[in-house]
Amino acid sequence: MSVLIICEKPSVAKTVALALGAAEQKDGYFSGDGLLVSWCIGHLISMADAGSYDERYKKWRYEDLPILPQTWKYAPTPGKEKQLAVLKELLHRSDVSEVVNGCDAGREGELIFRFVYEQAGCTKPFSRLWISSMEDSAIREGFAGRRAGTEYDVLYQSALCRARADWLVGINATRLFSVLYHKTLNVGRVLSPTLNLLVERDGKITMFHKEKYHIVHIDCGGVDAESERISDAAAADALRTACKSSQAVCVSLKKEKKTALPPKLFDLTLLQREANRVYGFTAKQTLDYAQSLYEKRFLTYPRTDSNYLTEDMAQMATDLVAALLPVLPFMQGAELTPEIWRVINSAKVSDHHAIIPTAAFAGFNGLPESEKKLMSLVCCKLLCAVAAPQEYETVTAVFDCGDKPFTAKGKTILIAGWKDIDTRFRAALKAKPDEDSAEDVALPELAEGQIFEAVTASVSEHYTTPPKPYTEDMLLSAMERAGAEDMPEDAERQGLGTPATRASILEKLVQMGFVERKGKQLLPTKDGHNLVCVLPDVLTSPQLTAEWETKLTAIAKGEADPDGFMVGIEEMTRSLISRYSQISEDAQKLFQSERVVIGKCPRCGEAVYEGKKNYYCGNRACQFVMWKNDRFFEERGKTFTPKIAAALLKDGKAKVKGLRSMKTGKTYDGTVLLADTGGKYVNYRVEKRS
């Protein structure tokens, strides 16, 4: 008898198959040693579209809303039918006695397998392969210790509720607002509040009014001490005059020894944020590179929200750190005594531990440049996380001059600790280092009561600055924290989306035209602003999705009822549809594309606009129109451009280069005349050739 293992991706299936001795490649699967190893290609089965429930749902109409399926339907994902057929055949093979879910260890992986298993009508017993590393030893250990698939039924219910709830809200809200505003407006429980974050930030930037302020500086024996902010220029100049050539006294000297603890290991969101900050990678690029490294067995499972390792990994982590030191160029000549206990905490590991290199990683040879960069970042983070804390001393000196306080701050590094590794890594990037702030500079020896004679004084001008536009680093952080203030402290999952889904959300917003990228910045478009304005708070607030994720986590633990969750989603959907039955005519025009004026109509004098296929008069009673595919221009091999159209409307003629002769086929430059006779069609003719 045979055991069938179904993985999520072909590359993962190949690695699993080779690790377990199923090396013979067949059409759509591997076999050997009593095993069959096949794969999905992401979701092979999807939620059926609305039109499959009723023919009338193929058109988007308000009167058909809400759409609330009583019996859910599913359909093969287009383009993946062949692999689905392979899996169905394998699932029903007479020699297959056990099926193993080897899809990615998480909520979505559970859904991908169960959809295939159930839609194939399979009733054979199945178990779960749950691993965080693609190393051979981890695969063999996970396979030997596989658990009954029924133990993950609650995880499947959580995944199913998520999929159905997203379908209900997405389908109904998208159709509702698209019908109302005559434009496809994609709405989603994570998508919309994420867009709202960007719109709110853009509004704060737009409404910001900069204000000038002044700071008076005095030089006390080589120490630059600053006054508080002074809004009035005359007051600042008066203080400078009072201090000039005056005496300054050190009235306070405060020294504090402080510790900067090492950073945590990467979860996916932290990795995406830092890769964006250091390399400019988008969240999706980081996830793609990390997934590739995982499939090459160089990196552990990337879709994790944990920052720690489990207790049984302590020795492995110690050996890993020792193995990394000689292969990392930026660590040459450095010493490190790892404090592994800093990254060990089984209680804080959920489905998967933090992202770290695997023992299979032995160097960067053969890796694409992007994957080298990401691997370096992960290696550096592991070394920093197990290094000693940085210890430093801060000094705050307060001087009295002109009857006003002036402050100088300094910092002295006592033990570099993990910061030395971070500095080495960033120096190896050959990037411009961050400029030291005044507080990072050590102050000379000072003493309370010390007097400085005849100090010099100066004034510097400054302006308050607006909030910065979101980068992906900043937005991912905001998504992670969103809604936290509205949730109980012990809620396991807060924020917008999950580490595994946030990258795709950002990409969708860009693809749909609601957000645009400018360098590292993410900026909402006009349509993005308008969409947030028309949606109700329930769809733009992070509180809704934060509550969903908490309830879905409770379902996954067996602590909440899936049916009760879905009843609540249906009630919310009905309420949304009933609240929005109609909008004003002006509101319906909110998302209309701005019409581009080309010129004035030669017949009625109204504006002529550029359409998709023509240039038309804005006066509906006037029939003037110039078609872009007019035969006159097509026969002469020219595109009827807006520039030509504008010239014809302004002067009645346009100089056009490269006209093709209909007799000889040769090209020439000529002047095209607009010959409008007032009929249905506009005519053109060539006035002269040059």
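Structure's up top.
This one's a predicted model, so the numbers in the text were calculated from it and none came from an experiment. (Residues numbered from 1 in each chain as written. Predicted model: local features only at pLDDT ≥ 70, side-chain atom pairs only at ≥ 80, totals over all residues. Heavy atoms only, no water.)

Colleague: Would you mind showing me how to read the environment of Val 515 here?
Modeller: Counting through the fold element by element, Val 515 comes out in strand β17 (residues 515-518). When residues no more than four places from it in sequence are discounted, the contact partners of Val 515 are Leu 195, Leu 198, Leu 509, Val 510, Leu 522, Leu 523, Pro 524 and Thr 525. (Helix = DSSP H or I, 4+ residues; strand = E, 2+ residues; numbered from the N terminus. Contact = heavy atoms within 4.5 Å.)

Colleague: Explanation requested: helix α9 (residues 283-295) in the structure shown.
Modeller: Along an α-helix, a turn takes 3.6 residues, which lines up residues three or four apart on a common side. Compared with the 18 Å implied by 1.5 Å per residue over 13 residues, the 18 Å span of α9 between its first and last C-alpha is a close match. Among the 13 residues that make up α9, 10 are buried, leaving the element largely enclosed by the rest of the structure. Taken together, the buried positions of α9 are occupied by Ala 283, Thr 286, Leu 287, Tyr 289, Ala 290, Gln 291, Ser 292, Leu 293, Tyr 294 and Glu 295. As for α9, its buried residues are in contact with α1 (10-19), α8 (268-279), α11 (369-385), α13 (472-481) and α14 (502-511). Looking one or two places after α9, you find Arg 297, whose phi comes out positive at around 70 degrees. (Expected span 1.5 Å × (residues − 1). Buried < 20%, exposed > 50% of the residue type's maximum accessible area, 1.4 Å probe, protein only.)

Colleague: What is the right way to look at the packing of α8 against α13 in this model?
Modeller: Any two packed helices are characterised by the angle at which their axes cross and by the distance between the axes. Orientation of α8 relative to α13, taken along the N-to-C sense of each, is 160 degrees, at an axis distance of 8 Å. Taken as axis vectors, α8 and α13 run roughly antiparallel relative to one another. Handedness of the α8/α13 crossing: left-handed. Mapping the contact onto sequence places Thr 269, Gln 272, Arg 273, Asn 276 and Arg 277 in α8 and Glu 472, Asp 473, Leu 476, Ser 477 and Glu 480 in α13. Looking at the contact of α8 with α13 residue by residue, the class counts come to one nonpolar, four polar and five charged. (Axes fitted to C-alpha atoms, helices over the stretch in contact; angles between N-to-C directions. Parallel < 35°, antiparallel > 145°, perpendicular 65-115°, else oblique. Left-handed = near helix turned anticlockwise from the far one by under 90°. Nonpolar A, V, L, I, M, F, W, Y, C, P; charged D, E, K, R; others polar.)

Colleague: Would you take a moment to explain the sheet that holds strand β19 (residues 596-600) for this structure?
Modeller: Sheet strands associate in pairs through backbone hydrogen bonding, adopting either a parallel or an antiparallel arrangement. Sheet architecture is open: four strands sit in the order β19-β20-β21-β22, paired in antiparallel fashion. The open sheet terminates on both sides in strands that have one partner only, identified here as β19 and β22 (625-627). Shown here is a sheet whose adjacent strand axes are inclined to one another by a mean of 25 degrees, direction ignored. The sheet contact formed by strand β20 (residues 607-610) and strand β21 (residues 614-617) spans three bridges and is antiparallel. Residue pairing in the sheet places Tyr 609 in a bridge with Tyr 616 of β21. Of the strands in this sheet, β19, β20, β21 and β22 touch helix α21 (residues 642-651), which is tilted by about 30 degrees from β19. (Pairing = 2+ DSSP bridges.)

Colleague: Can you walk me through the sheet that holds strand β7 (residues 96-102) in this structure?
Modeller: Within the open sheet, the seven strands sit side by side as β2-β3-β4-β1-β7-β8-β9. Their pairing is mixed. Both outer strands of the open sheet, β2 (24-25) and β9 (147-148), are each paired with one neighbouring strand and no more. Sheet topology note: the strand β1 (residues 2-7)/β7 ladder contains six bridges and is parallel. Within β7, the position partnered with Ile 5 by the bridge is Val 100. Of the strands in this sheet, β1, β3 (29-32), β4 (35-39) and β7 are in contact with helix α2 (residues 81-91), which crosses β4 at around 155 degrees.

Colleague: Hey, could you run me through the side chain of Thr 358 in this one?
Modeller: Structurally, Thr 358 is set in the loop between α10 (314-324) and α11. Those residues in contact with Thr 358, other than ones at most four positions away along the chain, are Ser 133, Glu 135, Arg 297, Phe 298, Leu 299, Thr 300 and Leu 320.

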